[in-house]
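Now for the letters of each chain:
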Amino acid sequence: MTKRKRSTNPPPEQEEANKLLPQKRFYRQRAHANPFSDHALDYPKSPEHIDWRVHYPRLAAQDKRPEFADIGCGFGGLLISLAPLYPDTLMLGMEIRVQVSQYVQDRIAGYRTAHDTEGKGFHYQNVSIVRANAMKFLPNFFAKASLSALFFLFPDPHFKSRKHKARIISPTLLAEYAYVLRPGGIVYTITDVKDLHEWMKTHLQDFPLFEPVSEEDLRAEGKGDIVDAVFNSIEEGKKVERNKGEKWLACFRRIEVSRD
C-alpha cells in the first residue's frame, strides 16, 4: 500500500491563529520561581467565590467546573493540545510566573479569536489560566473531589537537598491533591530528571490514597491521547526530544476509601 504524503501546510484556521498568537520573545521570564516568596497574588476565599464565567464565558453557564488542572502549566502546550480532544471538559492551568501566565492568557485569547469563524468549529472556550501558587492555594480553587486529572509536567527539580521542600510532590501536598481529586482521578507526572522521577514516584507510592497505574493500562482505558500529550505537547518535553534525552513517566490513581 502506498502511503499518502502528509501535507506540511497548516489549515487556514491554524494560519490565522499563528498570526494572532503572542510571541514569546516579548514575555521574558526566569525559568523558575520561588514558591515560598511573596508573589502578591490575589486568590479566592473558596471555589464557591469564583465566577467561572470570566474564564469560560460560553461554558460556565452550563454549571460546569474545571476537571483538568495543569500545575505549573508553563506556556500552555498541554492545555492547547487537550482542549479540542476533550471539548466538554473544562481545563485550568496554574502558573506562578507573571510573564508566562500572561503569555498563556494571550495565547488562549488568540486561539479563541482565530477559531471563532462564522460561529462554527471548536473555539478553545474550555481552557483558561490563573496566576496562582498551587503549593499554597490549590483548595481555594478546586472543591473536594472535583478534578479527574492533575498534571505535573517537567516540574522544577530543585536539585539541592535543602531545596527539596520546594518540590511540588511532597507528603503534605499529596494530601491536598487527594482532596481535590475524585476517586478514579489520575495524577500524571513526567520529568527528564531520574532522581526527581524516583522522588515523585516514591512519595506517591507511599501515600495511602494513591495507587500506581501503568501507561499500558491508561491507554487501554482510552487515555492514550492524554499520555501522548503529556509526553509531547510542552516546550520542555520537545527540548528533551531534540536533545535525545529520556523522559520518565509515573501515573497514579486516586483510590476509593471504604467506609466499612
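Residues numbered from 1 in each chain as written. Predicted model: local features only at pLDDT ≥ 70, side-chain atom pairs only at ≥ 80, totals over all residues. Heavy atoms only, no water.

The protein chain carries the name tRNA (guanine-N(7)-)-methyltransferase in an unreviewed UniProt entry, which gives Marasmiellus scandens as its organism. Per UniProt, the protein chain carries the Sequence similarities (unreviewed entry) text "Belongs to the class I-like SAM-binding methyltransferase superfamily. TrmB family." In UniProt, the protein chain has this text filed under Catalytic activity (unreviewed entry): "guanosine(46) in tRNA + S-adenosyl-L-methionine = N(7)-methylguanosine(46) in tRNA + S-adenosyl-L-homocysteine". (UniProt positions renumbered as here; feature names shortened; annotations may be inferred.)

**Student:** Just checking my understanding: could you explain the UniProt feature "binding site: S-adenosyl-L-methionine" (unreviewed entry) in the protein chain for this structure?
**Tutor:** When the UniProt feature table is mapped onto this chain numbering, "binding site: S-adenosyl-L-methionine" (unreviewed entry) sits at G72, E95, I96, N133, A134 and L153. Structurally, the position occupied by A134 is in helix α4 (residues 134–141). Filtering out sequence-adjacent residues up to four positions away, A134 remains in contact with I71, M94 and E176. Within the fold, L153 resides in strand β4 (residues 147–153). Filtering out sequence-adjacent residues up to four positions away, L153 remains in contact with D70, L78, Y188, I190, V230 and I234. (Helix = DSSP H or I, 4+ residues; strand = E, 2+ residues; numbered from the N terminus. Contact = heavy atoms within 4.5 Å.)

**Student:** I'm lost on the sheet that holds strand β6 (residues 210–213) in this one. Help?
**Tutor:** The strands that make up a sheet pair up through hydrogen bonds in the backbone, lying either parallel or antiparallel. One open sheet accounts for 7 strands, arranged β3-β2-β1-β4-β5-β7-β6; its pairing is mixed. Because the sheet does not close on itself, it has two edges, and the strands there are β3 (127–131) and β6. On average, each strand axis in the sheet is inclined to that of its neighbour by 20 degrees, with strand direction left out of account. Direction of pairing for strand β1 (residues 66–71) relative to strand β2 (residues 90–95): parallel, over a ladder of 5 bridges. Bridge assignment links F68 to a residue of β2, and that residue is M91. On the sheet, helix α3 (residues 98–115) packs against β2 and β3 and is oriented at approximately 160 degrees with respect to β3. Contacting β1, β4, β5 (181–191) and β7 (248–254), helix α8 (residues 224–232) runs over the sheet at an angle of about 30 degrees to β5. (Pairing = 2+ DSSP bridges. Axes fitted to C-alpha atoms, helices over the stretch in contact; angles between N-to-C directions.)

**Student:** What is the right way to read the nonpolar core from this model?
**Tutor:** Soluble globular proteins: nonpolar side chains tend toward being buried together. With 38 residues, the main nonpolar core has I71, M94, F142, L150, Y177 and F210 as its most contacted residues. Going through the elements one at a time, β1, β2, α4, β4, α5 (171–180), β5, α6 (194–206) and β7 are the ones with two or more residues in this core. If we skip the residues at most four places from it in the chain, L150 touches A69, I71, Y177, V180, L181, I186, V187 and Y188. In this structure, Y86, I108, F154 and L249 belong to the second largest nonpolar core, which totals 34 residues. (Core = buried A, V, L, I, M, F, W, Y, C linked by side-chain atoms within 4.5 Å. Buried < 20%, exposed > 50% of the residue type's maximum accessible area, 1.4 Å probe, protein only.)

**Student:** Help me out: how do you make sense of α6 in this one?
**Tutor:** Each full turn of the α-helix corresponds to 3.6 residues, which orients residues three or four apart in the same direction. Here α6 contains 13 residues, and its C-alpha end-to-end distance of 18 Å stays within 8% of the 18 Å for a straight helix at 1.5 Å per residue. Within α6 the residues assigned to the buried category are L196, H197, M200, H203 and L204. Buried residues of α6 fall within an arc of 145 degrees about the axis and therefore sit on the same side. For α6, the secondary structure elements touched by its buried residues are α5, β5, β6 and β7. (Expected span 1.5 Å × (residues − 1). Arc of directions from axis to C-beta.)

**Student:** Which parts of the structure should I look at to understand the pattern of salt bridges?
**Tutor:** Counted according to the given criterion, the structure contains 10 salt bridges. Across the pair R167 and D195 runs a salt bridge, and its minimum N-O distance is 3.0 Å. Here D195 lies in helix α6 and R167 lies in the loop between β4 and α5, a separation of 28 residues in the sequence. Where K247 meets E241, a salt bridge forms, and the shortest distance between an N and an O atom there is 2.9 Å. Overall, K247 belongs to the buried group, its relative accessible area being 16%. (Salt bridge = Lys/Arg side-chain N within 4 Å of Asp/Glu carboxyl O.)

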